[in-house]
Amino acid sequence: MSDNSVACRRPLVCILVGQSDMVGRGIIDELPDSLVEAVRCCDWRYLYVIDRGSREGAESRSDGFMPLTRTSQYSEAGERHSFGPEWGLAEQLTIVQAGDGGFDRSRPVFIIKFASGSTSLGKDWVPGGELFKGLVELVQKGTRVIAREFCGAACDEEIQMESSRILREDTVFFWLQGHSDASGNAEMRKGYKDNFIEFVLSIRKALIPQDLSVAPAPHALNFPFVASELDWLLDERSKSSVRFAKRLKEINRSIEEACEILKARSPSIPCIFASFPRCEDWSLTYHADGHCDSNGLLLLGKNIAFHALPSICDAQKRINEA
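Residues numbered from 1 in each chain as written. Predicted model: local features only at pLDDT ≥ 70, side-chain atom pairs only at ≥ 80, totals over all residues. Heavy atoms only, no water.

Concerning the packing of aromatic side chains
We count it as follows: Stacked, edge-to-face and tilted are the three classes for Phe, Tyr and Trp ring pairs, Trp counted by its six-membered ring, which pair at centre distances within 6.5 Å; planes under 30 degrees apart are stacked, over 60 edge-to-face, the rest tilted. What counts as a helix is a DSSP run of H or I of at least four residues, what counts as a strand is a run of E of at least two, and both are numbered from the N terminus. Burial classes follow relative accessibility: with a 1.4 Å probe on protein chains only, a residue under 20% of its type's maximum area counts as buried, one over 50% as exposed, and anything between as partly exposed.
Evaluation of the coordinates by the stated rule reveals 17 aromatic pairs. For the ring pair F132 and F199, a centre distance of 5.8 Å and an interplane angle of 90° mean the geometry is edge-to-face. Here F132, found in helix α4 (residues 130-149), pairs with F199, found in helix α8 (residues 192-207); they are 67 residues apart in sequence, far enough to count as distant. Measuring from ring centre to ring centre gives 5.8 Å for F173 and F223, while their planes differ by 55°; the resulting arrangement is tilted. Linking F173 in strand β8 (residues 171-176) with F223 in the loop between α8 and β9 (225-228), this pair joins segments that are 50 residues apart in sequence. With a relative accessible area of 0%, F173 lands in the buried category. By the ring-pair criterion, three or more aromatic residues cluster together here, those being F114, W125, F132, F173, W175, Y192, F196, F199, F223 and F225.

Remarks on the pattern of salt bridges
Quick note on the threshold: The term salt bridge refers to a side-chain nitrogen of Lys or Arg lying within 4 Å of a carboxyl oxygen of Asp or Glu.
Under the counting rule described, the total for this entry stands at 20 salt bridges. As a salt-bridge pair, R165 and E169 come within 3.1 Å of each other at their nearest N and O atoms. Here the residue R165 and the residue E169 both occupy positions in helix α5 (residues 156-169), the gap between them amounting to four residues, near one helical turn. For E169, a relative accessible area of 10% gives the class buried. One network of salt bridges, with partners in common, ties together R10, R107, E162, R165, E169 and D170.

A short note on unusual backbone geometry
Even without glycine at this site, N222 takes up a positive phi of about 65°. Tracing the backbone shows N222 in the loop between α8 and β9. Overall, the relative accessible area of 17% leaves N222 in the buried class. Unusually for a residue other than glycine, F223 sits at a positive phi of about 60°.

Describing the packing of α4 against α5
What counts, and what does not: Where helices are involved, their axes are fitted lines through C-alpha atoms of the stretch in contact, as for all axes, and angles between N-to-C directions lie from 0 to 180°. Each angle gets one of four labels, with under 35 degrees taken as roughly parallel, over 145 as roughly antiparallel, 65 to 115 as roughly perpendicular, and the rest as oblique. Here a crossing is called left-handed whenever its near helix is offset anticlockwise from the far helix by less than a right angle, and right-handed whenever the offset is clockwise. Whether two residues are in contact is decided by their heavy atoms, any of which lying within 4.5 Å being enough. In the scheme used here, Gly and all other residues not listed as nonpolar or charged are polar, with Ala, Val, Leu, Ile, Met, Phe, Trp, Tyr, Cys and Pro taken as nonpolar and Asp, Glu, Lys and Arg as charged.
For the pair α4 and α5, the least separation of the axes is 8 Å and the interaxial angle reads 110°. Comparing their axes, α5 and α4 come out roughly perpendicular. Of the two possible hands of crossing, α4 and α5 adopt the one that is right-handed. Contact residues: α4 offers V139, Q140, T143, R144, I146, A147 and R148, while α5 offers D156, I159, Q160, E162, S163, I166 and L167. Along the lines of polarity and charge, the residues of the contact of α4 with α5 split into six nonpolar, four polar and four charged.

With respect to the state of the cysteines
Quick note on the threshold: Defined by distance alone, a disulfide is two cysteine sulfur atoms within 2.5 Å.
For the coordinates displayed, the defined rule picks out zero disulfides. C42 takes part in no disulfide bond, and the closest cysteine sulfur to it belongs to C41, at a distance of 6.7 Å. The class of C42 is buried, set by a relative accessible area of 15%.

A closer look at the pairing of β8
Taken residue by residue, a regular strand's side chains alternate between the two faces of the sheet. The condition that has to hold: Two strands pair if DSSP finds at least two bridges between them.
Among the six residues that make up β8, six are buried, leaving the element largely enclosed by the rest of the structure. Both faces of β8 are covered, namely the face carrying T171, F173 and W175 and the face carrying V172, F174 and L176. As judged from the six bridges shared by strand β1 (residues 12-18) and β8, these two strands associate in the parallel manner. In the strand pairing of β8, G18 is matched with L176. Pairing analysis gives three bridges linking β8 to β9, with the strands arranged parallel. Looking at β9, one finds that F174 is bridged to V226.

Take a look at the structure:
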């Protein structure tokens, strides 16, 4: 694809939301040098707030957008630099599925991450709650910065219009959450499907313009919502570990069924359950405490990117055909 293509001049915004594995406990020295170099040669920028209101430690945040590097994310809770699935997403887009028919590497990518460990959908991410409001505030702040500094919007009205356009046309929402609900009471597990549907509809209403007189552009992504399948380290010798694995399967079924319900209600709302590959050579890896380790986080990020890529590439194609 030519550097002069229209797609190159549109940003791709990736919103990453969830709990501790979305925060990430990756060890930065374990990031492959080839991946770090590939991202350095592209235009990837990162804005984050992690562990707001978390029981795992103090809140950490970036001072605006910064280039995505090994040391972009610092965890006050862990007292060290760390990384999450964003690097797997970058690997899938810049290396694995880049080039002809794949992702346009010359396209600028802006990651906005808002994640907090040990938080549940049933209690902490409820629409109107502090985490929900913090997420909306960060996304609106980030897209306004993109509208002004990258897209060239000047006055407040132009910035608001361009920010709204970015959210509708150029943004993908990634969700990695549910472990706390699986470990909670039966009511939290049984209510996850309905809570998920309410969350998806509420976040779209809070972020996407509701002016039905303004039709989306033919190439609009229309804010795909990509929800990752969940997993955890299983110790088959432990009854509690086996019980938790069964409960996590309940949450996964709820997410998958909720995505199907949302698609049936409104086919124009892309809602994707990012299931894991079912093959012997694909398996998440973990720290001893059950959270994904560096390789596991890369796989999580690559998998959600893989499921989002058809929508992204189809939109790129339509932009360049316009």
